[in-house]
2 protein chains.
Amino acid sequence: MTDRGPRILLSMPTALAAQYLTPLALACRDLGLDPDIVAAGPLEGDFDYVVFSPDGPVSDFSRFPGLKAALGIWAGVERIVGNPTLTVPLCRMVDPGLSMGMLDYVTAHVLRHHVNLDAVLARQDGVWDQGLLPPVAADRTVGFLGLGSLGGACARRMSGLGFRTMGWSRRQAAMDGVDCRTGREGLEAVLRGSDIVVALLPDTPQTANLLDAATLAWMRPGAVLINAGRGSLIDDADLLAALDGGRVGHATLDAFRTEPLPADHPYWGHPRVTVTPHIAAATRVNSACAVLAQNILRGETGGTLLNQVDRAAGY
Amino acid sequence: MTDRGPRILLSMPTALAAQYLTPLALACRDLGLDPDIVAAGPLEGDFDYVVFSPDGPVSDFSRFPGLKAALGIWAGVERIVGNPTLTVPLCRMVDPGLSMGMLDYVTAHVLRHHVNLDAVLARQDGVWDQGLLPPVAADRTVGFLGLGSLGGACARRMSGLGFRTMGWSRRQAAMDGVDCRTGREGLEAVLRGSDIVVALLPDTPQTANLLDAATLAWMRPGAVLINAGRGSLIDDADLLAALDGGRVGHATLDAFRTEPLPADHPYWGHPRVTVTPHIAAATRVNSACAVLAQNILRGETGGTLLNQVDRAAGY
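All figures in this text were calculated on a predicted structure; none of them were measured in a lab.

## Observations concerning the sheet that holds strand E8 (residues 178-181) of chain B
Residue and element names in this part refer to chain B.
- Reading across the sheet, the seven strands line up as E8-E7-E6-E9-E10-E11-E12 and stay open at both edges, with parallel pairing between neighbours. Each of the sheet's edge strands pairs with one partner strand only, and the pair in question is E8 and strand E12 (273-275). Recorded for the sheet is a direction-independent mean angle of 15 degrees between the axes of neighbouring strands.
- Contacting strand E6 (141-145), strand E9 (196-199), strand E10 (223-227), strand E11 (248-253) and E12, helix H2 (residues 96-114) crosses the sheet at an angle of about 160 degrees to E11.
- Lying on the sheet, helix H7 (residues 236-244) is in contact with E10, E11 and E12; it crosses E11 at an angle near 135 degrees.

Structure (structure tokens):
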């Protein structure tokens, strides 16, 4: 480690840099570093680290001859991995806050429907209606479409909360407490068997419009759909028809084909739809800064960088 | 076991007996019993078991000379334990569904406030507002007043979901992951330290009006109160003042001094209050019937009855 602290450039949209500046400084000091952090500005001088998002001002990394590493704040690196000016180690962001936030989101929205919260909130009119008593978790089935790192974590949590839990994935998975299925017939079984369906699938050619009129018709009448994955999963016109026909009781949607969701989209204000503005899987500044500071410490002390990208593999 | 199946009388309000009849028959058959179950009616003939609530028609148990056991469906037995006509074994209800339901209730209502669900639902107007992103559970503190069997289970669960968790109880408790406090200064610390306060205290002279103007003033401005225990805990006028002054951001209340809560009570329809009709800790028919059937099987086969009341101790 040199006498001076590491010099760090934040290359990201101005509003985002303003959010990162203080938490990153605090996270660095927590690790004994005394950093000099510059947010945006005229980009003069040299830096030890560039903390960047691909939509920030820096695209020519060769202007920083002393650069030790480029630390991304996005999980995806497809827009940066081929940049020929970037010859130093490149790290992507694996933010523990992101999966924590997803678990919170899925837990909250599953439990909202499980305890009939909407009916409770509509029954504040002076009528003492014990018919609002819901079944217990053990009498409710939650089905997960997608059992990757996020979907699998959510399925394990729901099983841990006592729900009957099913899961569908492209390849056969095996998880304690989760009835795992695969294939088209597995998808049918999960949709037919679940009171609440949570979709956490990636955006691939295989998942595009997976939920359309044919598959939505497999859902239990009045069942709930929560899409916390990708908007392309859903045929929007078919979902609206299924909602209006009562096949789907409610849809809570966090991802859309066009984002922000246009103000005139029929999902907005639909009595059976809840729109959330792509917040289920957001990077959280505090936990992301802890990861960045840890990598800067490793860079300064010759340690192995976390989440370093293999440029040949592209991720 | 005799050739005929056990004869069972349901002595409880008619509407409740109608709910128990089929599930109890099914639960008995699951255990290989072939019961003859009578709900209410003229109470003629003899019975092997009376399944009863203290507000049901039977108070003179001596009319059933062949009675083998009296099986209550309430947890509390204070209204029946001194009945001199009851000389056979008496069992109270310990329903696993009740604690499951309480865990569901507390999880749902804590998560509702944690993810700002009310703000999300109020923002269905076409505006894509990512300012709705909540902190993660690790940045939120949930405080429990009462760490008995229900409060302790809920505190453990919230800790397991990643929340910072505090707890207050009369006697010093120690729980992994829960910052346990006791005494008046411990109450102050929990109320000052918590974003969401969950009360699960019993009704005793010590807990009456524990939450009044003085203690509510310790809560964080805008913090949320969830009372799933007893209505006597709260000075209602003081809570309404704290809600109207903004000290308490929201109160979700399941128990009240007078139940049903009178239709003209100011809690109903208050913009910062959610009333639930004493459903957090309800006995669930299916799980209760499984316990009853298990006890009937034990009675028929000479086994040890579950949850038998010690009449000398009174519980």
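Back to the text.
## Comments concerning the interface of chain A and chain B
- Listed by partner, the interface residues are 49 residues for chain A and 49 residues for chain B.
- Regarding the contact of chain A and chain B, the summed buried area is about 3,900 Å², with carbon and sulfur atoms giving 71% of it.
- Our count for the contact surface shared by chain A and chain B stands at zero salt bridges.
- Between chain A and chain B we count 14 residue pairs in polar contact (both at pLDDT 80 or more) in total.
- Residue contributions to the side of chain A that touches chain B peak at 10 residues, all from helix H2 (residues 96-114) of chain A.

## Quick notes on the relation of the copies chain A and chain B
- Once chain A is rotated about the relating axis by 180 degrees and shifted along it by 0.0 Å, it coincides with chain B to within an RMSD of 0.1 Å. The two molecules are tied by a two-fold rotation axis, judged by turn and shift. No C-alpha of chain A lies nearer the rotation axis than that of A:Ala108, which sits 3.2 Å from it.
- Of the residues that chain A buries at the interface, 100% are likewise interface residues in chain B, meaning the two copies contact each other through the same surface.

## Considering the nonpolar core
- In terms of nonpolar packing, the biggest core is built from 56 residues, with A:Val106, A:Val110, B:Val106 and B:Val110 touching the most fellow members.
- Those residues in contact with A:Val110 that lie beyond four places of it in its chain are A:Val142, A:Met158, A:Phe163, A:Ile196, A:Val198 and A:Ile226.

## Considerations on the packing of H2(A) against helix H4 (residues 149-160) of chain A
All names here are of chain A.
- Running from N to C, H2 and H4 cross one another at 50 degrees; their axes reach a closest spacing of 10 Å. With respect to their mutual orientation, H2 and H4 come out oblique. Considering only the axes of H2 and H4, their crossing is right-handed. Together, Leu98, Ser99, Met102, Leu103, Asp104, Val106, Thr107 and Val110 of H2 and Leu150, Ala153, Cys154, Arg157 and Met158 of H4 make up the contact between the two elements.

## Comments concerning the packing of H2(A) against H2(B)
- Their axes nearest at 8 Å, the elements H2(A) and H2(B) cross at an angle of 125 degrees. Classified by the angle their axes make, H2(A) and H2(B) are oblique. The two elements H2(A) and H2(B) cross, and the hand of that crossing is left-handed. Every residue of H2(B) that contacts H2(A) at A:Asp104, A:Thr107, A:Ala108, A:Leu111 and A:His114 is listed here: B:Asp104, B:Thr107, B:Ala108, B:Leu111 and B:His114.
- When the residues that make up the contact of H2(A) with H2(B) are grouped by side-chain class, the tally is four nonpolar, four polar and two charged.

## Overview of the packing of aromatic side chains
- Under the criterion given, the structure shown has eight aromatic pairs over all chains.
- Ring centres of A:Phe52 and A:Phe61 lie 5.6 Å apart, and the angle between their planes is 75 degrees; on these two criteria the pair is classed as edge-to-face. In this structure, A:Phe52 and A:Phe61 share a single accessibility class: buried.
- What links up through ring pairs into an aromatic cluster is the set A:Trp128, B:Phe256 and B:Tyr267.

## Details of the side chain of A:Asn227
- Its location among the elements puts A:Asn227 in strand E10 (residues 223-227).
- Among the polar contacts listed, one links the side chain of A:Asn227 to the backbone oxygen of A:Arg230, at a separation of 3.1 Å.

## Quick notes on unusual backbone geometry
Residues and elements named next belong to chain A.
- Between Glu259 and Pro260 the backbone carries a cis peptide bond, its omega angle lying at -10 degrees.
- Here Pro260 is to be found in the loop between strand E11 (248-253) and strand E12 (273-275).
- Its identity is not glycine, yet His278 carries a phi of approximately 50 degrees, on the positive side.
- As for its position among the elements, His278 is in the loop between E12 and helix H8 (285-301).

## What to know about the domain arrangement of chain A
All names here are of chain A.
- Once the domains are mapped, chain A shows domain 1 (7-95 + 283-301) and domain 2 (97-275).
- Between the C-alpha centres of domain 1 and domain 2 the distance comes to 36 Å.
- Contact with domain 1, which involves four residues of that partner, is made by four residues of domain 2.
- Summed over the three residues of domain 1 that lose the most area to domain 2, namely Asp95, Thr283 and Arg284, the buried surface amounts to 85% of that side.
- Summed over the shared surface of domain 1 and domain 2, the result is zero salt bridges.
- Scanning the region where domain 1 abuts domain 2 turns up three residue pairs in polar contact (both at pLDDT 80 or more).
- Tallied by class, the residues present in the side of domain 1 that touches domain 2 amount to no nonpolar, two polar and two charged.

What counts and how
Residues numbered from 1 in each chain as written. Chains lettered and ligands numbered in written order. Predicted model: local features only at pLDDT ≥ 70, side-chain atom pairs only at ≥ 80, totals over all residues. Heavy atoms only, no water. Pairing = 2+ DSSP bridges. Helix = DSSP H or I, 4+ residues; strand = E, 2+ residues; numbered from the N terminus. Axes fitted to C-alpha atoms, helices over the stretch in contact; angles between N-to-C directions. Contact = heavy atoms within 4.5 Å. Buried area = accessible area lost by both parts, 1.4 Å probe. Salt bridge = Lys/Arg side-chain N within 4 Å of Asp/Glu carboxyl O. Polar contact = N/O pair within 3.5 Å; in protein donor to acceptor, adjacent residues only side chain to side chain. Least-squares fit on C-alpha atoms with pLDDT ≥ 70 in both. Core = buried A, V, L, I, M, F, W, Y, C linked by side-chain atoms within 4.5 Å. Buried < 20%, exposed > 50% of the residue type's maximum accessible area, 1.4 Å probe, protein only. Parallel < 35°, antiparallel > 145°, perpendicular 65-115°, else oblique. Left-handed = near helix turned anticlockwise from the far one by under 90°. Nonpolar A, V, L, I, M, F, W, Y, C, P; charged D, E, K, R; others polar. Phe/Tyr/Trp six-rings, centres within 6.5 Å; stacked < 30°, edge-to-face > 60°. Domains from an automatic or database assignment.

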